[in-house]
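Architecture and fold: a report
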Amino acid sequence: MLGVSETMKKSENKLNLGKWVPPLSILGGLCIWEIFVKISNYPAFILPAPSRIAQRFVSAAKAGILWPNVWVTFYEVLLGLLIGCAAALVIGYILAHSPVAEKIVFPYVVVSQAVPLAAIAPLLIIWFGSGIRPKIVICALTVFFPLLINILVGYRELENNLSDLFTSMKAGRKARLIYLEFPGILPVLLGGLRISATLSVIGAVVGELSGADAGLGYLINLARGQYDTALVFVALLMLMVIALVMYGTVILLEKLLLKYRK
Amino acid sequence: MENDILLEAKHIQMTFFDTKDDGLHVLDDISLTLKKKEFVCLIGPSGSGKSTLVRILGGLLEPTGGELVYPDGKEPDPRAIVFQNSNLLPWLPTVDNVALPLLVHGVPKKEARREAENWLQLFGLGDFANEWPNNLSGGMAQRVAIARALIQKPQLLLMDEPLGALDAMTREQISLELMAFREQIDATVLMVTHSISEALLLSDRILIYSGRPARIIDEMKIPFPRPRQPELRDTIEFMSMAKVVRKKIFSQESGQ
């Protein structure tokens, strides 16, 4: 039989192990990749080894073609996310408070979900040019619809009892928004944002791939044209980093704003 | 001068039309009068539309028939409602939940909090001001809900089985606290309850309510002088009165 302290130790060990598994798994994967490339002798323009990608990362950074492009994509993603989020909040508020408006707008929301963004990216480029504006619009659109739906779901899940409470206190619209509605939908909103934050990176790249003069999508196109596959991987890596930063920020926001839900 | 009457409900009817074609008759002809500063308990079987009546008296629901008359010419304001479950906002710390009615009307945060803290002290919850509502026990949460109602200094306080979801011991304790508060507030109180001893301990008048058709079948004045003491419950007068009430409720039920 195990004593109390022993069982505790055991579970502690388990926890520590659990912490180390994900990074070890990544490291192992990279090793397998490296060995596979060495053995198989594939040329670097088909599959570069991780070590080669690392070298390319350093040289690209030195040549000054990496960070400016990273920054452009990051800027598009961030601005698109903010605009899409703000628009979803405002329109969500209106729709949640007006059943008629919801009936009018909702078919568009449903239909828009079925439109692949990659397909409208060229349209947006025709309308807004090849600068950064169409990418921001695509990002904003990628974020907008899922967030809008989440906001409407959040409103529906607000308890009627709580609404009654505010009615009995004769609370005004502003007080309702501040104390009831916004905090009430915040968990669902942040849940939606968690998914949208990474989606918006996809939106930005899709926009850049269909025509751009800067950004990581542009860099991927450029590198592909020169069979610089290692650089394509470097750009992919940077996209992952941007997505992770966005995701991490949302998680951090959740931790800060939803302290009450333990 | 009939000015000691706060509210008169005349032949209130309530039918909900959202489910069946012929509608769901919840209230069929309810009349009652509430005098100023009176504590009235409404006692009767569950599922008989008492919550609906509370919502109508609280102005949350428009009755489909009958009317509410205010002899003063204006609605009681503020009207506070304590619901069956505490209905605390989980995202506000306890103190802000109590302060909510003040915050909602633009009272500065500092001032509202100070007042809320006073109320929490009175309910013995001073140490829990900064706790999240999720960390409170059921009894504490309901105390907070009552404090939130009282902070409004309501003219009319409606309580819909406020202690219904609590265990017997907590329930008894809070009803004693309410009895003590009773003397400090100016509100007219209408409380829905299933507990005869709670009703006898707290109220000036008991309305006995019957289900289906929902109506008020009897009314009793509770003669015990105020302020009352917990020991009242052990007196012969209290027990025999409880017996009378019980008889009235159950004779009604078996008679149906």
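Please read these numbers as outputs of a predicted model, since none were measured by experiment. (Residues numbered from 1 in each chain as written. Chains lettered and ligands numbered in written order. Predicted model: local features only at pLDDT ≥ 70, side-chain atom pairs only at ≥ 80, totals over all residues.)

**What to know about the interface of chain B and chain A**
Here is the rule we go by: Any residue pair is listed as a contact if its two C-beta atoms, each placed from the backbone, are within 7 Å. A run of DSSP states H or I qualifies as a helix once it reaches four residues; a run of E qualifies as a strand once it reaches two. Both are numbered from the N-terminal end. Under the grouping applied here, Gly and all other residues not named as nonpolar or charged are polar, the nonpolar ones being Ala, Val, Leu, Ile, Met, Phe, Trp, Tyr, Cys and Pro and the charged ones Asp, Glu, Lys and Arg.
Taken together, the contact pairs 16 residues of chain B with 12 residues of chain A. Looking at the side of chain B that touches chain A, the elements with two or more residues in it are β5 (79–82) and α2 (94–104) of chain B. Each residue belonging to the side of chain B that touches chain A can be placed in one class, and the counts come to 12 nonpolar, 3 polar and 1 charged.

**Description of the sheet that holds strand β4 (residues 65–69) of chain B**
Two orientations exist for strands paired in a sheet by backbone hydrogen bonds: parallel and antiparallel. All names here are of chain B. Stated precisely, the cut-off is as follows: Here, strands pair whenever DSSP counts at least two bridges between them. Axis angles are defined between N-to-C directions and span 0 to 180 degrees, where every axis is a line fitted to C-alpha atoms and, for a helix, only to the segment in contact.
Across the sheet, which stays open at both edges, the 3 strands sit in the order β2-β1-β4 with antiparallel pairing between neighbours. Edge positions in the sheet fall to β2 (24–35) and β4, since each has one partner strand and no second. Taken pair by pair, the neighbouring strands of this sheet meet at an average axis angle of 10°, ignoring direction. Where strand β1 (residues 5–16) and β4 come together, 4 bridges link them in antiparallel fashion. In the sheet register, Gln13 faces β4, and the bridge partner there is Gly65.

**Section: the confidence of the model for chain A**
Basically, it comes down to this: Note: pLDDT gives the predictor's confidence per residue, expressed from 0 to 100.
Overall, the prediction assigns chain A a mean pLDDT of 88, with 94% of residues at 70 or greater. Across residues 1–5 of chain A, where pLDDT falls below 50, the model places 1 contact with residues more than four positions away in sequence or in other chains.

**Topic: the sheet that holds strand β8 (residues 205–210) of chain B**
Residues and elements named next belong to chain B. Judged by pairing direction, the sheet is mixed, and its 6 strands sit side by side in the order β5-β6-β7-β3-β8-β9 without closing on themselves. The open sheet has two edge strands with one neighbour each: β5 and β9 (215–221). Neighbour-to-neighbour, the strand axes of this sheet turn through a mean angle of 15°, independent of strand direction. For strand β6 (residues 156–160) and strand β7 (residues 188–193), the ladder comprises 5 bridges, and the chain directions are parallel. If you follow Asp160 over to β7, its bridge partner there is Val192.

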